[in-house]
Amino acid sequence: MDSTAELVTIKNNILIVDDHPFIIQGYKNAITRYNPKEYEFFITEAKDCESGYNVITNPETRAFDIAFLDISMPSYDEKGIFSGEDLAKLLNEYMPNCKIILLTMYTELLKIRTIIEAINPLGLVIKNDLTFDELLFGFNKVINNETYYSQSIQKMLDVSELEAIEIDLFDKQILFHLSKGTKTKDIPQYVPISLSAIEKRKMNLKKILGIENETDLELVKVAKDRGLLF
């Protein structure tokens, strides 16, 4: 009798959402090379917030085991999906067992802390930290239910004592529409709160960012610099 145990292949359903096709291909190249004798991967691609939303909410979509989500992508305004963060929240709602890896070019500590507090992803990566080997290392930790923060993120969290600025969804939407050139008086068409509430939120945002007497353009600029708008 052959004593060799039959090899059991572990199947994993993977979602990659990024608006750069060559980056998607890089992730795929790494994933398919991860322990191929033990794992089999089925990879679904999406190119922006809209296509990501459609994949996640499609009732015929099999639940994903792991999702790679770029944070900064073309938004899907109609559904209130403005970033990979919003897609991560959607995944938590539709597929709560999915392990989420968020990827970003931002290196602002306040933004990184806001992401961790709002999403608590299993993986959080600054793209400039990624090499092929590092991607495999991070993927190995996540697939084994371990948290992985890339080197720059871990260094920021270890060294800095800065206090994080937290903003909610309404604040994010106000900043987003201001960045698109929408006048304050027109924002209630897109954000379901009153004009007076929007004005108060703008004043509070300016206060916490230290620009109380500046213009809305300056508010948008500083919010982008501090990683609160992308």
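Summary of the structure given here.

What counts, and at which threshold
Residues numbered from 1 in each chain as written. Predicted model: local features only at pLDDT ≥ 70, side-chain atom pairs only at ≥ 80, totals over all residues. Heavy atoms only, no water. Pairing = 2+ DSSP bridges. Helix = DSSP H or I, 4+ residues; strand = E, 2+ residues; numbered from the N terminus. Core = buried A, V, L, I, M, F, W, Y, C linked by side-chain atoms within 4.5 Å. Buried < 20%, exposed > 50% of the residue type's maximum accessible area, 1.4 Å probe, protein only. Contact = heavy atoms within 4.5 Å. Salt bridge = Lys/Arg side-chain N within 4 Å of Asp/Glu carboxyl O. Phe/Tyr/Trp six-rings, centres within 6.5 Å; stacked < 30°, edge-to-face > 60°. Axes fitted to C-alpha atoms, helices over the stretch in contact; angles between N-to-C directions. Parallel < 35°, antiparallel > 145°, perpendicular 65-115°, else oblique. Nonpolar A, V, L, I, M, F, W, Y, C, P; charged D, E, K, R; others polar.

Examining the sheet that holds strand β3 (residues 66-70)
Taken together, 6 strands build an open sheet; the order of strands is β2-β1-β3-β4-β5-β6 and the sheet is parallel. On the outer flanks of this sheet lie β2 (39-46) and β6 (148-149), each paired with one strand and no other. Relative to strand β4 (residues 99-104), β3 runs parallel, the two being bridged by 5 bridges. Across the sheet, D70 pairs through a bridge with L103, a residue of β4.

Some thoughts on the nonpolar core
Grouped together as the largest cluster of nonpolar side chains are 32 residues, with contacts concentrated most on L15, L69, L87, L91, L102 and L124. Listing elements by their share of this core, those giving two or more residues are β1 (10-17), α2 (49-57), β3, α3 (84-94), β4, α4 (109-119), β5 (123-126) and α6 (151-159). Ranked by residues supplied to this core, first place goes to α4 with 5 residues. The residues contacting L102, other than those within four sequence positions of it, are L69, I71, G84, A88, I115, I119, P121, G123, L124 and V125. Counting residues in each nonpolar core, the second largest holds 22 residues, with A30, Y34, L122 and F139 among its members.

Re the pattern of salt bridges
This structure, assessed with the given rule, holds 13 salt bridges. The closest approach of N and O atoms between K111 and E85, which form a salt bridge, is 2.6 Å. Here K111, found in helix α4, pairs with E85, found in helix α3; they are 26 residues apart in sequence, far enough to count as distant. Comparing K111 with E85 shows no difference in burial state: the two are buried.

Regarding the packing of aromatic side chains
Following the criterion strictly, the structure yields 10 aromatic pairs and no others. Here the aromatic rings of Y27 and F68 are separated by 5.4 Å at their centres, their planes lie at 20°, and the arrangement is stacked. With Y27 in helix α1 (residues 21-31) and F68 in strand β3, this pair connects stretches of sequence that are 41 residues apart. Take Y27 and F68: they sit in the same class, and that class is buried. A centroid spacing of 6.4 Å and a plane angle of 55° characterise the contact between Y34 and F41, whose relative ring orientation is tilted. For the pair formed by Y34 and F41, the shared burial category is buried. An aromatic cluster of three or more residues is present, and its members are Y27, Y34, Y39, F41, F68 and F139.

Some points on the packing of α2 against α3
Axis separation between α2 and α3 bottoms out at 10 Å; the angle between their running directions is 5°. Put simply, α2 runs roughly parallel to α3. Between α2 and α3, the residues in contact are C49, G52, Y53, I56 and T57 and L87, L90, L91 and Y94, respectively. Here the contact of α2 with α3 is composed, by residue class, of 7 nonpolar, 2 polar and no charged.

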